[in-house]
Amino acid sequence: MLFIGLVFGACSATTPIVSEWRNPAYTSGSFKRIMVGVLGGDTSVRRNFEDEFVAQLRPAGIDALTSYQFTPDSEKIDEVALKEAALKAGADALLFARLIRVEQKSQYGPGYFPNTSFGIFGSNVGASWSGMGGAPTVYHYNEYVSETTLQDLGKNEIVWTGTIKTTELENERTAIKSYVETVMKTLQEKNLLGKGGI
């Protein structure tokens, strides 16, 4: 499954977290170095996604680094490989995102001709149209449900995980920035990142 798309139309700039879980043992984070990663998909999108996380983590006082610097682009990256790369790089935490499922949706409207659009978790194409101009149309698209997890590597424990639905944005970079901002805001509000020297 390509890791490319937020789905159709530029209707909303918000990326909602629909559910989350926090380890009750963590009242705050004290991580000094966090590796960020994306599981699966297009290499260029993965790089852009990880770069955006690093760009937003560093001003927060975190020594953040991308996983693509330590893993070959030609290899399929899984959670085990990410964890091994993070430990070798001296990271004490791992923050990674992955696609959980794709839900098929339909939208109905009068005389609408959609285009192919892109975002973070996949692409979608097309609609079905019947009748003369202005007749009702039905647009079939995918809604992507992803999960982002913060893991304490020293204790080998999950600190936080959030489930996010991505829709309504067609620009890849805007979609990535919105996704990362949503995760960062939540982690900072819960004081789970901590601050370490860069």
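From a predicted model like this one, the values you see are computed outputs, not experimental measurements.

Q: Mind showing me how you'd approach the nonpolar core here?
A: Grouped together as the largest cluster of nonpolar side chains are 28 residues, with contacts concentrated most on Ile34, Leu57, Leu95, Leu150 and Leu187. Among the elements of the structure, β2 (33-38), α1 (43-57), β4 (93-110), β7 (157-166) and α3 (172-189) are those that each provide at least two residues to this core. If one sorts the elements of this core by residue count, α3 sits on top with six residues.

Q: What should I look at first to understand the side chain of asparagine 23 in this one?
A: Tracing the chain through its elements places asparagine 23 in the loop between β1 (17-22) and β2. A polar contact of 2.9 Å, which involves the side chain of asparagine 23, links it to the backbone nitrogen of alanine 25.

Q: Can you walk me through the confidence of the model for the chain in this structure?
A: Parts of the prediction with low pLDDT should not have their coordinates interpreted in detail. Confidence in the prediction for the chain averages 77 pLDDT; 72% of positions are at 70 or higher. At the low end of the mean pLDDT range in the chain sits strand β5 (residues 128-129), at 42; at the high end sits strand β3 (residues 63-66), at 96. Considering only residues more than four positions removed or in separate chains, one finds that residues 1-13, a stretch of pLDDT under 50, has 69 contacts.

Q: Explain unusual backbone geometry here, please?
A: Excluding glycine, residues mostly carry a negative phi; peptide bonds, for their part, are mostly trans. Not every positive phi belongs to a glycine, and asparagine 156 is a case in point at roughly 55°. Overall, asparagine 156 belongs to the partly exposed group, its relative accessible area being 46%. With phi around 55°, asparagine 191 is a residue other than glycine that occupies positive phi space. Residue classification places asparagine 191 among the partly exposed positions, given a relative accessible area of 42%.

Q: Mind showing me how you'd approach the pattern of salt bridges here?
A: When the charged atoms of two side chains with opposite charge come close together, those side chains can pair. Evaluation of the coordinates by the stated rule reveals five salt bridges. Salt-bridge contacts for glutamate 79 lead to arginine 98; the nearest nitrogen and oxygen are separated by 3.1 Å. Of the two residues, glutamate 79 sits in helix α2 (residues 79-88) while arginine 98 sits in strand β4, which places them 19 residues apart along the sequence. Given the relative accessible area of 26%, arginine 98 is considered partly exposed. Linking glutamate 147 and arginine 98 is a salt bridge whose minimum nitrogen-to-oxygen distance equals 3.2 Å. Linking glutamate 147 in strand β6 (residues 136-152) with arginine 98 in strand β4, this pair joins segments that are 49 residues apart in sequence. Connected through shared salt-bridge partners, Glu79, Arg98 and Glu147 make up one network.

Q: Help me understand α1, please; the structure alone is not making it clear to me.
A: Because an α-helix completes one turn every 3.6 residues, residues spaced three or four positions apart along the sequence face the same direction. Between its first and last C-alpha, α1 extends 21 Å over 15 residues, near the 21 Å set by a 1.5 Å rise per residue. Those residues of α1 lying buried are Val45, Arg46, Asn48, Phe49, Glu50, Phe53, Val54, Gln56 and Leu57.

Q: In this structure, what is going on with α3? I would like to understand it.
A: Over its 18 residues, α3 extends 26 Å from the first C-alpha to the last, a length consistent with the 26 Å expected when each residue adds 1.5 Å. Considered for burial, the residues of α3 that qualify are Ala175, Ile176, Ser178, Tyr179, Val180, Thr182, Val183, Met184, Thr186 and Leu187.

Q: Just checking my understanding: could you explain the pairing of β3 for this structure?
A: Each regular strand carries side chains that alternate between the two faces of the sheet. By the alternation rule, side chains of β3 split into Asp63 and Leu65 and Ala64 and Thr66, which are all buried. Of the strand pairs in this sheet, β2 and β3 are connected by four bridges, and their pairing is parallel. Directly across from valine 36, in β3, lies its bridge partner threonine 66.

Q: Which parts of the structure should I look at to understand the packing of α1 against α3?
A: Packed helices, taken two at a time, are described by the angle between their axes plus the distance between the axes. Contact geometry for α1 and α3: axes closest at 10 Å, N-to-C directions at 45°. Between α1 and α3, the interaxial angle falls into the category oblique. The handedness of the crossing between α1 and α3 is right-handed. Where α1 approaches α3, its residues Val45, Asn48, Phe49, Glu52, Phe53, Gln56 and Leu57 are matched on the opposing element by Glu172, Arg173, Ile176, Lys177, Tyr179, Val180, Glu181, Val183 and Met184. Residues that form the contact of α1 with α3 fall into these classes: nine nonpolar, two polar and five charged.

Rules of the game
Residues numbered from 1 in each chain as written. Predicted model: local features only at pLDDT ≥ 70, side-chain atom pairs only at ≥ 80, totals over all residues. Heavy atoms only, no water. Core = buried A, V, L, I, M, F, W, Y, C linked by side-chain atoms within 4.5 Å. Buried < 20%, exposed > 50% of the residue type's maximum accessible area, 1.4 Å probe, protein only. Helix = DSSP H or I, 4+ residues; strand = E, 2+ residues; numbered from the N terminus. Polar contact = N/O pair within 3.5 Å; in protein donor to acceptor, adjacent residues only side chain to side chain. pLDDT = per-residue confidence, 0-100. Contact = heavy atoms within 4.5 Å. Salt bridge = Lys/Arg side-chain N within 4 Å of Asp/Glu carboxyl O. Expected span 1.5 Å × (residues − 1). Pairing = 2+ DSSP bridges. Axes fitted to C-alpha atoms, helices over the stretch in contact; angles between N-to-C directions. Parallel < 35°, antiparallel > 145°, perpendicular 65-115°, else oblique. Left-handed = near helix turned anticlockwise from the far one by under 90°. Nonpolar A, V, L, I, M, F, W, Y, C, P; charged D, E, K, R; others polar.

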